[in-house]
Structure formats: C-alpha cells, structure tokens
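In case you want the letters, here they are:
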Amino acid sequence: MTTRHTADPEDATGPEWAVAARGLRKRYGGVRAVDGVDLLIPRGEVVALLGPNGAGKSTLVEMLTGLVRPDEGDIEIFGADPGAAVRSGSVGVMLQEAGLLDDVTVGEVLRLIASLHRAPLPAVEAMRRAGIESLAGRRSARLSGGQRQRVRFAAALVPDPDLLVLDEPTAAMDVDGRREFWAAMRSLCEAGRTVLFATHYLEEAEAYADRVVLMNAGRVAADGPVAEVARGGLDEAFVRLTSGEATR
Ligand SMILES: Nc1ncnc2c1ncn2[C@@H]1O[C@H](COP(=O)(O)OP(=O)(O)OP(=O)(O)O)[C@@H](O)[C@H]1O
C-alpha cells in the first residue's frame, strides 16, 4: 500500500498549494537523509509525517522551511521560495530544540519575535492561542521541557501563519500538555490553516490528521488519508512499511 495522495507534482504550482515539493534529495556524507521525495499539500489539509528515527522527517521539514537547501529538487510554499515564505510570515515553524533566550521572560521572547515580523499577532494573542498566558512572566530558564515546547508553539503562531510546520510538537509534553496543545491546534485547524506535523505518536496522527505521510529510509513509504493508510491499524502499517531499513 503506497498510495500517492497527490496530483501530478509537475502540475502542482501556485498559491493554492501550501506545499509543492518535487524530487527532493539531501545527503549527509554517505547517508541519504532524503532520497527522492515528492510532497504536495493543498491548502487546509492537516498532514502527519511519521517514520522511525532517522527516516528523514526533520531533514524534510528543514528543507520545507528553508533552513536546509536540498541537493536536488525544488520546493514551493504557497507558490514562493521556502525562505521567502517564512520571512513573509505565511509559514510558522516549530523545530525541535529551538533556543529560547534563557534570561528573559516568555512574554519578552515573544515580543522580540513579533518585532521581527511585518504583521505579527500581539505576543499576548499568540500566548492566548497557545494556552500559555500563565507563563508570560516566567524566565525561559525556569520552564519545564513541556512548557518550553508550548512557548515554541506560541512563537510559531506569532506571524499568524497560513501554514504551520511542527517537528515533534508534543515531545516532552505530559498527558495534560498534549491534550491542551491539541485543543489549541483544533481551533487553529478549524480556522482553515494547513498543518504539517512530524510525530512519533501514532495516536496523534490518527486523531488529528486528515492524511498520513509515512517515511522510511529517506523515502515516502505510504501517503494517503488516515483511514486508508491505517486500514488494519496504523501500528501494523507502520511496522510493515518500516521494518528492515528503519535504522541507519
Ligand atoms: N546535519 C546533519 N549532519 C549529518 N547527518 C545528518 C544531519 N541531519 C540528519 N542527518 C542524518 O540524516 C538521517 C535522517 O535524519 P533526520 O533527523 O532527518 O531523521 P528523523 O526522521 O527526523 O529522525 P528522528 O525521528 O530521530 O528525529 C539520519 O541518518 C541522520 O543521522
């Protein structure tokens, strides 16, 4: 089962495609981190990116957000170059391990980020949407791992983006934190935003995504509506499609 939930990548161009990536490849030394990936995401879709450790999810996310240049292939985000899309505020990015300036408060960090954007949300509104108003006066150094993730999420919301790209957004969050995070996400998705999130939690993919893209060894092993990819169980599909070359 390797359904391509896509139009012809060559025909997908222009602002109605949140993501139109064709023929992406990225090598690190002898490792093919991403090895020929096409990914088309129309506006308004919520897509979960799954795969074992080392599958290439973060590398793909880094290329889609302009942080890493592909060796081959091309990417349009709403019809624009990824770096330009991030700079214009149409993309909000939440990466693993992004630093937070330990000595200033959460409110100050978010105001600083807002000052870098042309038409940002007020920091208080970003905090409200991320459900972290109570952390506004807390110094970043005093935050727990899960709280830091929530602050990174608020930072991704500051540009009021149409596309959110989130790399393992709920890593380090406890059960309550994850529930609150997804409640916040649900209202953002209902407002029609496009979301691409990488996760190791299969149940999050099943509960919140319209579509699953399952990567293994730098390639797309399955791509389709959750019900289709997860027929017989997403756990089972994951194991079947990623066994063998999962870890490199
Ligand atoms: N900057 C880098 N330098 C060297 N190798 C890298 C670099 N970034 C990624 N890799 C390698 O590329 C492969 C894909 O890594 P990547 O982080 O994209 O996978 P992932 O699916 O996000 O994994 P995880 O689930 O563990 O976060 C791995 O073998 C990794 O070691």
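Conventions used here
Residues numbered from 1 in each chain as written. Predicted model: local features only at pLDDT ≥ 70, side-chain atom pairs only at ≥ 80, totals over all residues. Heavy atoms only, no water. UniProt positions renumbered as here; feature names shortened; annotations may be inferred. Salt bridge = Lys/Arg side-chain N within 4 Å of Asp/Glu carboxyl O. Helix = DSSP H or I, 4+ residues; strand = E, 2+ residues; numbered from the N terminus. Buried < 20%, exposed > 50% of the residue type's maximum accessible area, 1.4 Å probe, protein only. Core = buried A, V, L, I, M, F, W, Y, C linked by side-chain atoms within 4.5 Å. Contact = heavy atoms within 4.5 Å. Near = heavy atom within 4 Å. Polar contact = N/O pair within 3.5 Å; in protein donor to acceptor, adjacent residues only side chain to side chain. Areas by Shrake-Rupley, 256 points an atom, 1.4 Å probe, with all protein chains shown as cover. Axes fitted to C-alpha atoms, helices over the stretch in contact; angles between N-to-C directions. Parallel < 35°, antiparallel > 145°, perpendicular 65-115°, else oblique. Left-handed = near helix turned anticlockwise from the far one by under 90°. Nonpolar A, V, L, I, M, F, W, Y, C, P; charged D, E, K, R; others polar. Pairing = 2+ DSSP bridges.

The protein chain is annotated in an unreviewed UniProt entry as ABC transporter domain-containing protein of Microbispora corallina. Entered under Subcellular location (unreviewed entry) in the UniProt record, the comment concerning the protein chain runs "Cell membrane".

### Here we look at the pattern of salt bridges
Per the counting criterion, the structure on display carries 19 salt bridges. Ionic pairing is found between arginine 25 and glutamate 72, a salt bridge with its closest N-O pair at 3.5 Å. Of this pair, arginine 25 sits in strand S1 (residues 17–28) while glutamate 72 sits in strand S4 (residues 72–77), placing them 47 residues apart in sequence. Residue class for glutamate 72 comes out partly exposed when judged on its relative accessible area of 45%. With its nearest N and O atoms 3.1 Å apart, the salt bridge here joins arginine 178 to glutamate 203. Placement of the pair is arginine 178 in helix H6 (residues 175–190) and glutamate 203 in helix H7 (residues 202–208), with a sequence separation of 25 residues.

### Remarks on the nonpolar core
Within the largest apolar cluster, 46 residues are counted, with the highest numbers of intra-cluster contacts made by Leu110, Ile132, Phe153, Leu164, Leu166 and Met185. Not counting residues within four places of it along the chain, the set of residues in contact with isoleucine 132 comprises Val106, Leu110, Met127, Arg150, Val151 and Ala154. Val19, Ile41, Leu64 and Val213 belong to the second-largest nonpolar core, a separate cluster that totals 28 residues.

### What to know about the site of the ligand
With respect to spatial proximity, 14 residues lie near the ligand, and among them Gly54, Lys57, Ser58, Thr59 and His200 are the closest. Contact between the ligand and alanine 55: an oxygen atom at 3.1 Å from a main-chain N or O atom of the residue. Taking glycine 56, its main chain carries an N or O atom lying 2.9 Å from an oxygen atom of the ligand. For the ligand, the protein covers 64% of the area, taking 640 Å² as the surface of the free molecule. Of all the secondary-structure elements, those providing two or more residues to the shell around the ligand are strand S2 (31–42) and helix H1 (57–64). A per-element tally of the shell around the ligand places H1 first, with three residues.

### Topic: the packing of helix H3 (residues 106–115) against helix H5 (residues 145–157)
Running from amino to carboxyl end, H3 crosses H5 at an angle of 25 degrees, the nearest separation of the two axes being 9 Å. As summarised for this structure, H3 and H5 are arranged roughly parallel, according to the angle between their axes. Classified by chirality, the crossing of H5 by H3 is right-handed. When H3 is examined against H5, the residues Val106, Leu110 and Ile113 are found in contact with a partner set consisting of Val151, Ala154 and Ala155. Residue composition of the contact of H3 with H5, grouped by class: six nonpolar, no polar and no charged.

### Looking at the environment of arginine 22
Among the secondary structure elements, arginine 22 is positioned in strand S1. By relative accessible area, which is 9% here, arginine 22 ends up buried. Considering only alpha carbons, one finds arginine 22 and glutamate 72, 50 residues apart in sequence, at a separation of 8.9 Å. Looking at arginine 22, its side chain comes within polar contact range of the side chain of glutamate 76, at 3.0 Å.

### Observations regarding the pairing of strand S9 (residues 219–225)
Across the seven residues that make up S9, a large majority, five, are buried. Sheet analysis places strand S8 (residues 211–216) next to S9, joined by six bridges and oriented antiparallel. Directly across from leucine 214, in S9, lies its bridge partner alanine 222. The turn joining S8 and S9, which pair antiparallel and follow one another in sequence, is formed by two residues; a positive phi near 50 degrees is taken by alanine 217.

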